[in-house]
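Geometric and topological summary
What follows is the residue order along each chain.
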Amino acid sequence: MTPARSRGAAWLLLFCVLGFAALMGAVAGLGRPMLLGPFIALLGLVVLFVVPARLMFWSLLLLSMLVVGPVMYFAKIESARWGPPLLAMALYVPLVAYVLKPRRSQPDAGWPLWLFVLFMFIATAVFSTVMGSPMLGEVVVASRAYLAFWSFALALALGMFAVRDMLLGWWALLACAAIQLPVSMYQYFVVAKQSMRLSPWDAVVGTFPGNMDGGGASHAMGIFLLIALCAVVALWRARRIHRGLAVVIGACILGSLVLSEVKAVVLLVPVAFALQFWRELVRRPLLAVGAVVVSVGLMASIMTLYQTTFYAGRGVTLQGKLPSSPLESIQNQLNPQQAHTKDGGQIVSRAARVADWWRRGVTYGDPYHALLGYGVGATQNSSFGMGELVPKFAYLLDTTGTNILLWETGVIGHLLLVLLLLLAAANANACSRSPLVPVEHRALLEAGGVGLVLFAITLPYSNFALRTPPSQFLMVFMLGYATYWWRQVRLAQPAHAMGRFNAAADATRAPPPARGGSGTRPAAGTVLPAGYRHG
């Protein structure tokens, strides 16, 4: 562009900005703030286009993992949970601009199967909602679970964020795992000791959402810590973390698990280690068995601490009596007949909630709602509106991911989400074995694959995959990270295969024979016998 044209474009932009400011000021002078809404929205769009992608990445990570939980817990601002979903929704704008940005023709890496399953999952949710009785408020609230955070996974998969930031993001998550210990210690020794609840340890949630009186997302924190522990082990095996740092982070993770009393998460420790060492079961069975034995011993030790610390005259089962051990408390939740009335409502075990859904949808013959559900938002109650199923039940319907999905999207929606997570885990596992991926990223892909499987199998345990911003961020981060490297491996495979073919061809090609004699020197690189003299 010539200097004259540059000056002309600058003057045009200046006149447009001044005109927009004058128009906005005139509207503001009318004394009707609602009329400023379109102007503010337009300014927001402009800001989204000019904000660097790296700033969006770190803002979403820090807001999800370190800001929203403490604000809800200590300041008691429940609306803070909207921060990460709104920022993730705003990410769709620069994401679309990035996709539409003209660039040179490049080979197409394709897309993994889980992304197609994601579109089917969203389509199922939309169809079940349209065919039901949707209310605007419940649909808006449900967008936090069904729509908002997928933008981050897609942005990662497309390479909108730098690989360096992805790697630093993992290290930031490990730092967040270490930070849970001092926060949990304060919550356990200060907040929980002042609580009059029968289970005061529910107040130990680290930097995850919750409140001092009613508990919070301790289970979500526990799963996050377990995934972080897998990442530390993977990095240590790959020799990409200092041994002392690994010990410090591991100790912080175990300390937080001990303080927070997350029984189901502790039971999953051997499962996580078995998933992480499954390849060694064949190649090096003694090492794999040793790792699993260590994980079982760790689980047993923590459960023993739970029994001596948290079950000495505290806690209550669903029948109203004190449990004798953590295992008895778990058995209560697995009992499909476990339910009792308390304070005008019902306390129902996790298994009893699924049994109730089966009885109403399958046994009583309602195949449509059993397959497709009642639509998004049907199980939640918020200030924006009440789902259509909420007043029909005496107990909460959205306490587990399985319960939410079965009532809102049916069996089809639930199976699609589980399939999505397992397919992405398989992609991460495949990339963790590829020589085309740097060693440090291979280790983190190994941990990410384990984490995605844990998210799939804990849907019947809790609702954090659909309701808790830090867990939602972690899930889509692992999804996008695995997809990015899956695409990079697909792009690099042809060149890698061609390089190997050329190397093999060069190795099999015979060198030209060296000719001796007067005036002729041996070919370069020829190994000469001792005492050889030219000429």
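Notes on the structure follow. Predicted model, so just to flag it, every value in this text is computed and none were measured.

Quick word on helix H8 (residues 150–158)
In terms of residue burial, H8 counts as a mostly covered element, since eight of its nine residues are buried. Within H8, the full set of buried residues consists of Trp 150, Ser 151, Phe 152, Ala 153, Leu 154, Ala 155, Leu 156 and Ala 157. Immediately downstream of H8, the backbone of Gly 159 shows phi near 80°, a positive value.

Concerning the nonpolar core
If you look at the biggest cluster of nonpolar residues, it comprises 114 residues, and the most contacted ones within it are Tyr 146, Phe 152, Phe 224, Leu 420, Phe 455, Phe 473 and Leu 479. By residue number, the principal contributor to this core is helix H10 (residues 218–237), which donates 15 residues. Those residues within four positions of Tyr 146 in sequence are excluded, and the remaining contacts are Phe 121, Ile 122, Ala 125, Val 376, Ile 404, Leu 405, Glu 408 and Thr 409.

Here we look at the packing of aromatic side chains
What characterises a pair of aromatic rings is the spacing of the ring centres plus the angle enclosed by the ring planes. Taken as a whole, this structure holds 23 aromatic pairs when the rule is applied. Summarising the aromatic geometry, the rings of Phe 273 and Phe 277 are spaced 6.2 Å apart at their centres and angled 15° between planes, so their arrangement reads as stacked. The same class applies to Phe 273 and to Phe 277, which are both buried. Each member of the aromatic cluster is reached from another via a ring pair, and the members are Phe 57, Trp 58, Phe 152, Phe 161, Trp 170, Phe 473, Phe 477 and Tyr 481. In this structure, Arg 144 packs its charged tip against the face of Trp 82, placed 4.7 Å from the ring centre. Above the face of the Trp 111 ring, Arg 487 is positioned so that its terminal group lies 4.1 Å from the ring centre.

Digging into the environment of Cys 431
As for its position among the elements, Cys 431 is in helix H20 (residues 410–431). On a C-alpha basis, the gap between Cys 431 and Gln 488 in space is 9.4 Å, while along the polypeptide they are 57 residues apart. When residues no more than four places from it in sequence are discounted, the contact partners of Cys 431 are Val 437, Arg 442, Leu 445, Ala 482, Trp 485, Trp 486 and Val 489.

Brief notes about helix H4 (residues 83–90)
Among the residues making up H4, those that are buried are Pro 84, Pro 85 and Ala 88. Looking straight down H4, one finds its buried side chains confined to an arc of 100°; they lie on one side.

Regarding a nonpolar patch on the surface
A surface patch of nonpolar side chains, about 460 Å² in accessible area, is lined by Phe 74, Met 185, Tyr 186, Phe 189 and Val 190. The biggest single contributor to the nonpolar patch is helix H9 (residues 163–191), with four residues.

So, the pattern of salt bridges
Per the stated rule, a full pass over the model turns up eight salt bridges. Among the ionic pairs, Glu 261 bridges to Lys 263, the shortest N-O distance being 3.1 Å. We classify Lys 263 as buried; its relative accessible area is 16%. Residues Asp 356 and Arg 360 are paired through a salt bridge, measuring 3.0 Å at the closest nitrogen-oxygen approach. A residue pair is termed a helical-turn pair when its members lie 3 or 4 positions apart in one helix, as Asp 356 and Arg 360 do in helix H17 (residues 350–363) at four residues. On the basis of relative accessibility, which here comes to 5%, the residue Asp 356 falls in the buried class. A network of salt bridges, in which partner residues are shared, links Arg 237, Arg 279 and Glu 446.

Parameters and conventions
Residues numbered from 1 in each chain as written. Predicted model: local features only at pLDDT ≥ 70, side-chain atom pairs only at ≥ 80, totals over all residues. Heavy atoms only, no water. Buried < 20%, exposed > 50% of the residue type's maximum accessible area, 1.4 Å probe, protein only. Helix = DSSP H or I, 4+ residues; strand = E, 2+ residues; numbered from the N terminus. Core = buried A, V, L, I, M, F, W, Y, C linked by side-chain atoms within 4.5 Å. Contact = heavy atoms within 4.5 Å. Phe/Tyr/Trp six-rings, centres within 6.5 Å; stacked < 30°, edge-to-face > 60°. Lys NZ or Arg CZ within 6 Å of the ring centre and 35° of its normal. Arc of directions from axis to C-beta. Patch = residues over 30% accessible without salt bridge, like charges linked within 9 Å, V, L, I, M, F, W, Y side chains within 5 Å. Areas by Shrake-Rupley, 256 points an atom, 1.4 Å probe, with all protein chains shown as cover. Salt bridge = Lys/Arg side-chain N within 4 Å of Asp/Glu carboxyl O.

All quantities given are derived from atomic positions and should not be read as evidence of function.
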